[in-house]
Amino acid sequence: MPKKTVRLIFAFLLVFSLLLAACGPAETPVEEPAAEEEMEPAEEEEPAEEEEVEETAEETGLDLSGVTVQFWHVYGEGDPRNDVLVGLVEEFNATNEYGITVEALDQGSYNDLEDKVNAGIQSGDTPQIAQAYTSALNNWDTVDMVVDLNQFIQDDMYGLSAAEIEDIYPSVYSLGVTPEGQRIAWPLSQSANVMVYNHTWAQELGFDEPPTTPEALKEQLCAAAEANATDENPDNDGTGGLVWYPSASNFLSFLHAYGEDSLNEEGTAYDFNTPEAKEVALYINDLRDSGCTFETESYPNPEQAQRLALVTLSSNSGLPYYKAAFEEAGNDDEWGFLAFPGPDGGKGVDAFTQTLGIMKSTPEQELASWLFIKYLTEPENQATWIEASGYLPTHYSTEEMLTEYVENNPIYASALELAALGQGEPETFTAWYSVRRALDDAVARLYAAESEQEVETILAELNTTAEELVAEIAE
């Protein structure tokens, strides 16, 4: 469906929802109860706001027996992730004290699911729980179709305790929140964009430790490139260093390591035209000009396994593909995952979060959906999910439950060390995925830039494009 048509439909639905709201009282959200405060004696007068909180909390004591919710996800039949996910759903259905039934329904890819929800918004047939990109949830929220999870998280009866919230990685807990403070997405798990590093080859080149600064990374990459250029095999000339794929994920990972993200200091607008972004672009181009990077036509797993690259860049979820490439190459080198290095010991990875959102329906179904999501992402259940999916946890305590899995999968251990480090993208900020595509294009242009002035021009133009994309959405 054309983008303009989708915007018109969303606008029509928004107007329609406002007309409906005018015909009756809006649903009262569950507000946050006062922290660390004992119940006051009956004779003492409570402030009006606290009275509302207590009344609303009691209202959430709904009868959930027989409530059914549909959970649309993206893991198909034959996928081991689907088997484990369905198993967790069945366990919840059999053991939850409320009598809730969850129906887990595979919808294909993320794009397929998004298209089906868009169609369902028009027909009135949407799931109660959707696994979706936060950007999609943000779009649906603009037409008032997504539940603000804060009302459940903060609820005395069904919410999370302070200890449970502190158990979530801060970098993850800050995701899925709109600029207005609504929490529209909840993390199921996460993955991270990382550097894949050949420890054995680096040691043979004379480096006992992995690089922790941009300068050390360049030294090792260029040493690997020099080794391939001067050996007896002419077919590997021009290889050996870093396989650089110009993408938003790779650029943002370096940008995070340099202490920056893609928003201004106030968090009110995109800003790519910064000293740090310029420094990252010039650093990568210096590697290029030094003959220490090269590009591949496809995923660089074979190049890594064949010692054509000391470092490649990938999501940690690519672990089984790298493992297969090393096995196919008959290469028993030790390899693992590293964070992108920045100045002064900075570390960066670009985090991707598998998120769940609750679509508006009935009060009973919305609460039932939250109770299932809460169950699914409890550390013990998340550990079961992690072992099947290879993703990274979002809770500190989940790490403690993965001891045996880590022992049996030592390469995964290097990814787990980075789990709390991942910095997410501003997915709830206006027009992010359109801006992200513009960033992809700009990163490719930056890698082809031949001067500092050209780099500055590209970054300035990217800022202008981002402003225009935000303005287009606002119209």
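Remember, predicted model here, so these are calculated numbers, not experimental data.

**Quick notes on helix H16 (residues 379-389)**
Argument step 1. By the burial criterion, the buried members of H16 are Pro379, Asn381, Gln382, Ala383, Trp385, Ile386 and Ser389.
Argument step 2. A positive backbone phi angle near 80° is found at Gly390, which sits one or two residues after H16.

**Points about the pairing of strand E2 (residues 101-106)**
Argument step 1. Pairing of strand E1 (residues 68-73) with E2 involves 6 bridges; the strand directions are parallel. Each residue of the ladder has a partner; that of Val69, found in E2, is Val102.
Argument step 2. With helix H3 (residues 80-95) bridging E1 and its parallel neighbour E2, the resulting β-α-β unit is right-handed.

**Concerning the side chain of His256**
Argument step 1. Mapped onto the fold, His256 is located in helix H11 (residues 248-257).
Argument step 2. Look at His256 and you get buried, because its relative accessible area is 7%.
Argument step 3. Those residues in contact with His256 that lie beyond four places of it in its chain are Asp261, Lys347, Gly348, Val349, Asp350, Gln423 and Gly424.

**Regarding a negative patch on the surface**
Argument step 1. On the surface, a cluster of negative charge is made up of Glu77, Asp83, Asp106, Asp112 and Asp115.
Argument step 2. Along the chain, the position of Asp115 falls in helix H4 (residues 110-123).

**A closer look at helix H12 (residues 275-289)**
Argument step 1. For H12, spanning 15 residues, the distance from its first C-alpha to its last is 21 Å, which sits close to the expected 21 Å at 1.5 Å a residue.
Argument step 2. When we look at burial in H12, the residues that qualify are Ala277, Lys278, Val280, Ala281, Tyr283, Ile284, Asn285 and Leu287.
Argument step 3. For H12, the elements touching its buried residues are helix H10 (214-230), strand E5 (240-243), H11, strand E6 (293-294), helix H20 (432-448) and helix H21 (452-474).
Argument step 4. Downstream of H12 by a residue or two, Gly291 has a phi angle that is positive, lying close to 75°.

**Comments concerning the packing of aromatic side chains**
Argument step 1. With the rule as written, the count across this model stands at 24 aromatic pairs.
Argument step 2. Geometrically, the ring pair formed by Phe92 and Tyr375 is tilted, given 5.1 Å between the ring centres and 50° between the ring planes. Linking Phe92 in helix H3 with Tyr375 in helix H15 (residues 363-376), this pair joins segments that are 283 residues apart in sequence. The pair formed by Phe92 and Tyr375 is uniform in burial state, with each residue classed as buried.

**Re the pattern of salt bridges**
Argument step 1. The tally for this structure, following the rule as stated, stands at 10 salt bridges.
Argument step 2. Ionic pairing is found between Asp144 and Lys360, a salt bridge with its closest N-O pair at 2.5 Å. Residue Asp144 is located in the loop between helix H5 (134-141) and helix H6 (150-153), and its partner Lys360 is located in the loop between strand E11 (350-358) and H15; the two are separated by 216 residues in the primary sequence.
Argument step 3. Look at Asp144 and you get partly exposed, because its relative accessible area is 36%.
Argument step 4. Among the ionic pairs, Asp289 bridges to Arg288, the shortest N-O distance being 2.9 Å.
Argument step 5. Relative accessible area serves as the criterion here: at 23%, Arg288 is assigned to the partly exposed category.
Argument step 6. Connected through shared salt-bridge partners, Glu204, Arg307 and Asp333 make up one network.

**Digging into the state of the cysteines**
Argument step 1. Tallied over the full model, the rule gives 1 disulfide.
Argument step 2. A disulfide bridge connects Cys222 with Cys292, and the sulfur atoms are separated by 1.9 Å. Disulfide Cys222-Cys292: torsion about the S-S bond near 110°, hence right-handed. Of the two residues, Cys222 is situated in helix H10 and Cys292 in the loop between H12 and E6; the sequence distance between them amounts to 70 residues.
Argument step 3. On the accessibility criterion, Cys292 (2% relative accessible area) is buried.

**Comments concerning the environment of Asp333**
Argument step 1. Positionally, Asp333 belongs in the loop between helix H14 (319-328) and strand E8 (335-338).
Argument step 2. Owing to a relative accessible area of 10%, Asp333 belongs among the buried residues under this scheme.
Argument step 3. Each C-alpha atom of the pair Asp333 and His199 lies 7.3 Å from the other, and the pair is 134 residues apart in sequence.
Argument step 4. With residues up to four places along the chain from it excluded, the contact list for Asp333 reads Asn198, Thr200, Arg307 and Phe326.

**With respect to the nonpolar core**
Argument step 1. Ranked by internal contacts, the top residues of the largest apolar core, which has 76 residues, are Phe71, Trp140, Trp370, Phe372 and Tyr412.
Argument step 2. Per-element tally for this core: the top contributor is H15, with 8 residues.
Argument step 3. Look past the residues within four positions of Trp370 in its chain and what remains in contact with it is Phe152, Ile153, Tyr158, Gly159, Leu160, Trp186 and Ile358.
Argument step 4. In terms of nonpolar packing, the next biggest core, distinct from the first, is built from 49 residues, Trp201, Leu255, Ala277 and Val443 among them.

**Observations regarding unusual backbone geometry**
Argument step 1. In the Ramachandran plot, Asp144 falls in the positive-phi region, its phi being about 60° despite a non-glycine side chain.
Argument step 2. One non-glycine residue with positive phi stands out, namely Arg307, at about 60°.

Criteria and cut-off values
- Residues numbered from 1 in each chain as written.
- Predicted model: local features only at pLDDT ≥ 70, side-chain atom pairs only at ≥ 80, totals over all residues.
- Heavy atoms only, no water.
- Buried < 20%, exposed > 50% of the residue type's maximum accessible area, 1.4 Å probe, protein only.
- Helix = DSSP H or I, 4+ residues; strand = E, 2+ residues; numbered from the N terminus.
- Pairing = 2+ DSSP bridges.
- Right-handed = clockwise from strand over helix to strand, strands pointing away.
- Contact = heavy atoms within 4.5 Å.
- Patch = residues over 30% accessible without salt bridge, like charges linked within 9 Å, V, L, I, M, F, W, Y side chains within 5 Å.
- Areas by Shrake-Rupley, 256 points an atom, 1.4 Å probe, with all protein chains shown as cover.
- Salt bridge = Lys/Arg side-chain N within 4 Å of Asp/Glu carboxyl O.
- Lys, Arg positive; Asp, Glu negative; His and termini not counted.
- Charge placed at Lys NZ, Arg CZ, Asp CG, Glu CD.
- Expected span 1.5 Å × (residues − 1).
- Phe/Tyr/Trp six-rings, centres within 6.5 Å; stacked < 30°, edge-to-face > 60°.
- Disulfide = S-S within 2.5 Å.
- Core = buried A, V, L, I, M, F, W, Y, C linked by side-chain atoms within 4.5 Å.

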